[in-house]
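Working through the structure, step by step
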Amino acid sequence: MQITFLGTAGPDQIPSPFCNCPRCTYARTHRGKDIRKRCCYLINDDLLIDMGADLFVACHTHNVDLMNVSSILVTHNHHDHFYPENLATRRIGFPDEKEKPLLTLVGPPSVMAKLSTVRMDERAAGLKRRPILPFETIQVDRYKVTAIRATHQHDVGDAVNYLIDDGQKKVLIASDTAVYREDVWPYLADKQLNYLIIECGVGVNEANQSGKTRHLSVSGVRTMVKKMQEIDAIGPETEMIATHFIHKHCLSHHEMERILGQFNVKCAYDGLVVNV
C-alpha cells in the first residue's frame with residue numbers, strides 16, 4: 001500500500017495568507033517541509049481521503065493525477081476536508097471515454113447534505129453516493145473500510161475517521177479528532193495496525209480548549225498512542241506519523257518532528273510518499 005500526503009495542514013494552510021505569526025513568517029522564509037496545504041491523502045492511485053480546496057494545486061505540485069481514483073472517503077463536511085466543487089470539473093474530464101468511470105463518494109450524512117448544495121449533474125460527473133455512519137463497515141472496491149466515530153464537529157455529530165484494510169495492510173487515519181470516546185476503543189482492539197496517521201492540530205498549545213474537544217495536542221497524541229498500545233491496536237512494528245498542523249498552535253516541521261519523535265511519531269509533510 002502506497003500513501004501520498006497531498007496536504008498536511010489545518011483549515012487555513014501554512015503559511016496562512018492573512019497571518020504574520022512567527023510560524024507563518026518562518027514558513028515563508030524557510031519553505032520546504034514547512035509549506036503545508038490542507039489535508040488530503042491518496043492511497044495507491046485509486047482511493048482518495050478528503051478533498052479540500054487545495055486538491056487541484058496539490059495534484060499539480062506533486063505530479064499526481066486522479067484518473068484512476070474510483071472512490072473518495074470524506075471524513076466530515078468542514079471546508080478543508082470537503083470542497084464539493086472539485087467534483088463538478090469531472091464532468092468535462094476523460095475526453096476519450098464515452099462514459100465517465102464511476103466514482104463512489106463515501107461520507108457521513110452531513111457530507112451528502114453539503115454535496116446537495118452544489119449545482120452539479122452528478123450523473124454526468126459519474127458520481128455515486130454511498131452514505132456511511134460511525135462504526136459501519138463497508139467494502140469499497142478492494143478495501144474494507146470502517147468508519148470510526150471521531151471526537152469532532154459536535155454540532156452535527158457524524159464526523160468519522162477511517163480504518164482501511166486492503167487484505168494485507170491496515171491503516172487508520174485518525175483526523176480530525178480529539179481523544180476518542182470510550183465507545184470507540186472496542187472497534188480498534190487487537191487490530192495491530194501497520195500504519196497510524198494521526199492529527200496534531202493543536203500542537204504544543206496544551207491550554208487551547210479545542211485540544212480537548214475537537215483536535216489533538218502533542219499530549220493528546222501521546223494519550224491516543226498509549227491507549228492504542230494497551231488494547232493492541234498498535235504494536236512495536238506500527239509506523240506512526242502526525243498530520244493536520246495548524247499554524248496558530250504548531251512549531252516548525254523540524255521542531256515538531258523532534259517533539260513527536262520522543263514517542264516514535266514521525267512528522268508528515270506535503271509530497272511525502274510512504275510504502276506500508
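Structure report, in brief. Keep in mind it's a predicted model, so treat the numbers as computed, not measured.

Rules of the game
Residues numbered from 1 in each chain as written. Predicted model: local features only at pLDDT ≥ 70, side-chain atom pairs only at ≥ 80, totals over all residues. Heavy atoms only, no water. 1 Å grid on protein atoms, 1.4 Å probe; cavity = no way out; pocket = protein on both sides within 12 Å on 5 of 7 lines; lining within 4 Å. Points joined across faces, edges and corners; volume = space filled by probe spheres on them. Nonpolar A, V, L, I, M, F, W, Y, C, P; charged D, E, K, R; others polar. Phe/Tyr/Trp six-rings, centres within 6.5 Å; stacked < 30°, edge-to-face > 60°. Helix = DSSP H or I, 4+ residues; strand = E, 2+ residues; numbered from the N terminus. Buried < 20%, exposed > 50% of the residue type's maximum accessible area, 1.4 Å probe, protein only. Pairing = 2+ DSSP bridges. Contact = heavy atoms within 4.5 Å. Axes fitted to C-alpha atoms, helices over the stretch in contact; angles between N-to-C directions. Expected span 1.5 Å × (residues − 1). Arc of directions from axis to C-beta.

Thoughts on empty space enclosed by the protein
Over the atoms rolls a probe the size of a water molecule, and in doing so it shows where empty space is left. For the structure on display, the rule yields one cavity of 30 Å³ or more. Taken together, L6, R38, C39, C40, G52, D54, L55 and A58 form the lining of the largest cavity. Of the residues assigned to the lining of the largest cavity, the class counts are five nonpolar, one polar and two charged.

What to know about the packing of aromatic side chains
With the rule as written, the count across this model stands at three aromatic pairs. An angle of 90 degrees between the planes, with centres 5.6 Å apart, marks the rings of F5 and Y41 as edge-to-face. Here F5, found in strand β1 (residues 2-7), pairs with Y41, found in strand β2 (residues 40-43); they are 36 residues apart in sequence, far enough to count as distant. For the residue pair F5 and Y41, the accessibility class agrees, reading buried in each case. Note on F135 and Y187: the rings are 4.2 Å apart at their centroids and 10 degrees apart in plane angle, and the pair reads as stacked. With F135 in the loop between β6 (127-131) and β7 (137-140) and Y187 in the loop between β10 (170-174) and β11 (195-199), the pair connects residues that are 52 residues apart, well separated along the chain. The class for Y187 is partly exposed, based on a relative accessible area of 37%.

A word on the sheet that holds β10
Pairing is mixed across the open sheet formed by seven strands, whose spatial order is β7-β8-β9-β10-β11-β12-β13. The open sheet terminates on both sides in strands that have one partner only, identified here as β7 and β13 (266-267). The pairing of β7 with strand β8 (residues 143-149) spans four bridges and is classified as antiparallel. Along β8, the bridge assignment pairs Q139 with K144. The sheet contacts of helix α6 (residues 218-230) involve β10, β11 and β12 (239-243), and relative to β11 the element is tilted by about 150 degrees.

With respect to the sheet that holds strand β5 (residues 103-107)
The strand order β6-β5-β4-β3-β2-β1-β14 describes an open sheet built from seven strands, whose pairing is mixed. Since the sheet does not close on itself, it has two edges, and those belong to β6 and β14 (273-275), each with one partner. Taken pair by pair, the neighbouring strands of this sheet meet at an average axis angle of 20 degrees, ignoring direction. Pairing geometry for β1 and β14, over three bridges, is antiparallel. Looking across to β14, one finds that T4 is bridged to V273.

Details of α6
Given a rise of 1.5 Å per residue, 13 residues ought to cover 18 Å, and the 19 Å separating the end C-alpha atoms of α6 matches this to within 8%. Among the residues making up α6, those that are buried are V218, G220, V221, M224, V225 and M228. Mapping the buried residues of α6 onto a view down its axis gives an arc of 160 degrees, with all of them on the same face. Opposite the packed face of α6, turned more than 90 degrees from it, sit the exposed residues K226 and E230. Contacts from the buried residues of α6 go to β10, β11, β12 and α7 (253-260). One or two positions beyond α6, positive phi appears at D232, with a value near 60 degrees.

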